[in-house]
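Descriptive analysis of the structure
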Amino acid sequence: MILYSFLLLVVGVYALVLLACAWAWFHLPSLHNNPPAPKAFFSVIIPVKDESANILNLLQDLERQMYPKSSFEVLVIDDHSSDKTPDLVEEFQRSSSLNLRLLFLASFPENRLKKGAITLGISLAKDDWIACTDGDCRVKENWLESTNQCRYEQNAKLVSGPVTLSTDASWFQKLQALEFAALIGVGGACIGLQKPTMCNGANIAYEKAVFLAVNGFEGNADIPSGDDEFLMHKVHQKYPGQVAFLKDRQAIVSTNALASFSGFIEQRKRWASKWKHYTSLMPQALALLVLGVNVALWLAIGLALSGIISWTSLAAMVLLKLLPDALLLIQVLGFFQKRKLILLIGLLQIMYVPYVLVTAILGWRGTYAWKDRQHVAS
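The model shown is predicted, which means the values in this text are computed figures rather than measured ones.

1. Structural notes on the overall build of the chain
Looking only at helices and strands, the chain has 12 helices and 12 strands in total. Against the 2.2 N^0.38 benchmark of 21 Å for 378 residues, the chain shows a C-alpha radius of gyration of 21 Å, consistent with a compact globule. With respect to the principal axes defined by its C-alpha atoms, the chain has extents near 70 × 45 × 40 Å. Here the chain holds 378 residues, and 56% of them are scored as buried. The averaged location of the 31 negative side-chain charges in the chain is 5 Å from the averaged location of its 34 positive side-chain charges.

Below you can see the structure in the form of structure tokens.
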């Protein structure tokens, strides 16, 4: 049957791409730490809005950094918080040994939203390198040390770091962590293949001069999401071969999985809304391939239910997708020390088909909420 053959071709192409990603993840370089890298100066930029429940944990993590305190500063940029976030930062500032500054986005009306906060922080950063994370994240004590070693060993202009989701005992949060690990794994692998597609703004670092050289967020400043990936694509285009992925457990940044299903859908709609704004071919092709393979599985289920193809043919198609997925995920989950999550891969696949279709449609043309603001996907 022609339709089944076409669907099988789509799944086969996806399987080859995932096998390439599994190979690339395995071959991502680890840090040698010999010789130790000269210490770059880092400006750690943290855009925040209503993070009173989390910000002190992050600031305490930064105070515990093994990196010399003379070699980094922390800039917290408050984006119109309605809770006690600024008060907590100021209180921490009074007793901290960190070189810590609190800035208010409201004082700079020409800058808006997260990209505006980051741009403001960069404009006031002292020197050398920018390291970005979010107010709801936790970082390990060697986070900056590992980032510095990576930029030195790999001669990088931009370093994409690993991010993981912390979960409770619920299956919903564990499924989020599994899917998120897949996204990080594919993103890191594509960087290893020198075809950057995805990264995460919770753990990213780049030269200040490079940000200025690619004109920062110009061209996508009005898109609420994409402060990470759009920038990485621009850096790769201008400095090919100088985007690196930091495959080191000491550099893992963690953030909490979302507790509510509605919050999860809003987040994924926001992520999906930026796909159509990609100007690089590889991210567009990967997004279309992921959408295409899930549509293919959905159609194949319909063909099996209608008796047009056998259930054996459907099972073969599902296995053709799941086995390469598992080959990559087993490695990535091992890196994050969360191997048990692989047991949920079947459940994730069952839910993934309708979820990808719905978020793709809503993200393409619809609205989504982020930080108590309503945005239109345009």
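2. Re the sheet that holds strand 2 (residues 72-78)
Pairing between sheet strands relies on hydrogen bonds along the backbone, with the strands arranged either parallel or antiparallel. Ordered by their spatial adjacency, seven strands build an open sheet running 3-2-1-4-8-6-9, and the pairing between neighbours is mixed. Either end of the sheet is taken by a strand with one partner, and the two such strands are strand 3 (100-104) and strand 9 (243-245). Across the sheet, the mean angle from the axis of one strand to that of its neighbour is 20°, orientation sign disregarded. Helix 4 (residues 113-124) rests against strand 1 (42-48), strand 2, strand 3, strand 4 (129-132) and strand 8 (204-207) of the sheet, and its axis sits at about 150° to strand 1.

3. Describing a nonpolar patch on the surface
On the surface, Met1, Leu3, Phe6, Leu9, Val13 and Ile308 cluster together into a nonpolar patch covering about 570 Å² of accessible area. Its place among the elements puts isoleucine 308 in the loop between helix 10 (281-305) and helix 11 (311-335). For isoleucine 308, a relative accessible area of 49% corresponds to the partly exposed category.

4. Quick look at the pattern of salt bridges
Considering all chains together, one arrives at eight salt bridges under this definition. Residues lysine 39 and glutamate 145 are paired through a salt bridge, measuring 3.5 Å at the closest nitrogen-oxygen approach. On the criterion of sequence distance, the pair formed by lysine 39 in the loop between helix 1 (2-26) and strand 1 and glutamate 145 in helix 5 (residues 143-153) is long-range, its members being 106 residues apart. The salt bridge partner of arginine 101 is glutamate 73, with a shortest N-O separation of 2.8 Å. Residue arginine 101 is found in strand 3, and its partner glutamate 73 is found in strand 2; the two are separated by 28 residues along the sequence.

5. So, the sheet that holds strand 5 (residues 137-139)
Across the sheet, three strands lie side by side as 5-10-7; this open sheet has mixed pairing. This sheet does not close on itself; its edge strands, each paired only once, are strand 5 and strand 7 (163-166). In this sheet, neighbouring strand axes are inclined to one another by 30° on average, regardless of whether the strands run parallel or antiparallel. Taken together, the three bridges between strand 5 and strand 10 (residues 253-256) define a ladder with antiparallel strand orientation. Among the inter-strand pairings, arginine 138 is bridged to a residue of strand 10, identified as serine 254.

6. Regarding the packing of aromatic side chains
Tallying each qualifying case throughout the model produces 11 aromatic pairs. Ring plane angle 75° and centroid distance 6.3 Å describe the contact between tryptophan 171 and phenylalanine 172, whose orientation is recorded as edge-to-face. Take tryptophan 171: its relative accessible area is 48%, and that puts it in the partly exposed class. Consider the rings of phenylalanine 211 and phenylalanine 217, whose centres lie 5.2 Å apart with planes at 80°: the pair is edge-to-face. For the pair formed by phenylalanine 211 and phenylalanine 217, the shared burial category is buried.

7. Things to note about the pairing of strand 8
Burial of strand 8 is two-sided: the residues Ile204 and Tyr206 facing one way and the residues Ala205 and Glu207 facing the other way are all buried. Relative to strand 8, strand 4 runs antiparallel, the two sharing four bridges. Residue pairing in the sheet places cysteine 132 in a bridge with isoleucine 204 of strand 8. Here strand 6 (residues 158-160) runs beside strand 8; their pairing, made up of three bridges, is antiparallel. By the bridge assignment, leucine 158 is partnered in strand 8 with tyrosine 206.

8. Quick look at helix 4
Helix length check: helix 4 (12 residues) gives 17 Å between terminal C-alpha atoms against 16 Å at 1.5 Å per residue, within 8%. Counting buried positions over the 12 residues of helix 4 gives nine, a clear majority of the element. Taken residue by residue, helix 4 has Leu113, Lys114, Lys115, Gly116, Ala117, Ile118, Leu120, Gly121 and Ile122 as its buried positions.

9. A short note on the side chain of aspartate 248
Examined against the element boundaries, aspartate 248 turns out to sit in the loop between strand 9 and strand 10. Salt bridges are absent for the buried aspartate 248, whose nearest opposite-charge side chain, lysine 140, sits at 8.0 Å. Looking at aspartate 248, its side chain comes within polar contact range of the side chain of serine 146, at 2.9 Å. With sequence-adjacent residues up to four places away left out, aspartate 248 is seen in contact with Leu31, Ser146, Pro162 and Phe335.

10. Some points on helix 8 (residues 229-238)
Of all the 10 residues making up helix 8, eight are buried; the element is thus mostly covered by neighbouring parts of the structure. For helix 8, the complete set of buried residues consists of Glu229, Phe230, Leu231, Met232, His233, Lys234, Val235 and His236.

11. Things to note about the packing of helix 1 against helix 10
Closest axis-to-axis distance for the helix 1/helix 10 pair is 9 Å, and the angle between their directions is 140°. Here helix 1 is positioned oblique relative to helix 10, judged by the angle of their axes. Helix 10 is crossed by helix 1, and the crossing has left-handed handedness. Residues Leu3, Leu7, Val10, Val11, Val13, Tyr14 and Val17 of helix 1 lie in contact with helix 10, whose contacting residues are Leu286, Leu289, Gly292, Val293, Ala296, Leu299, Ala300 and Leu303. Residue composition of the contact of helix 1 with helix 10, by class: 14 nonpolar, one polar and no charged.

About the criteria used
Residues numbered from 1 in each chain as written. Predicted model: local features only at pLDDT ≥ 70, side-chain atom pairs only at ≥ 80, totals over all residues. Heavy atoms only, no water. Helix = DSSP H or I, 4+ residues; strand = E, 2+ residues; numbered from the N terminus. Rg over C-alpha atoms; globule rule 2.2 N^0.38 Å. Buried < 20%, exposed > 50% of the residue type's maximum accessible area, 1.4 Å probe, protein only. Lys, Arg positive; Asp, Glu negative; His and termini not counted. Charge placed at Lys NZ, Arg CZ, Asp CG, Glu CD. Pairing = 2+ DSSP bridges. Axes fitted to C-alpha atoms, helices over the stretch in contact; angles between N-to-C directions. Contact = heavy atoms within 4.5 Å. Patch = residues over 30% accessible without salt bridge, like charges linked within 9 Å, V, L, I, M, F, W, Y side chains within 5 Å. Areas by Shrake-Rupley, 256 points an atom, 1.4 Å probe, with all protein chains shown as cover. Salt bridge = Lys/Arg side-chain N within 4 Å of Asp/Glu carboxyl O. Phe/Tyr/Trp six-rings, centres within 6.5 Å; stacked < 30°, edge-to-face > 60°. Expected span 1.5 Å × (residues − 1). Polar contact = N/O pair within 3.5 Å; in protein donor to acceptor, adjacent residues only side chain to side chain. Parallel < 35°, antiparallel > 145°, perpendicular 65-115°, else oblique. Left-handed = near helix turned anticlockwise from the far one by under 90°. Nonpolar A, V, L, I, M, F, W, Y, C, P; charged D, E, K, R; others polar.

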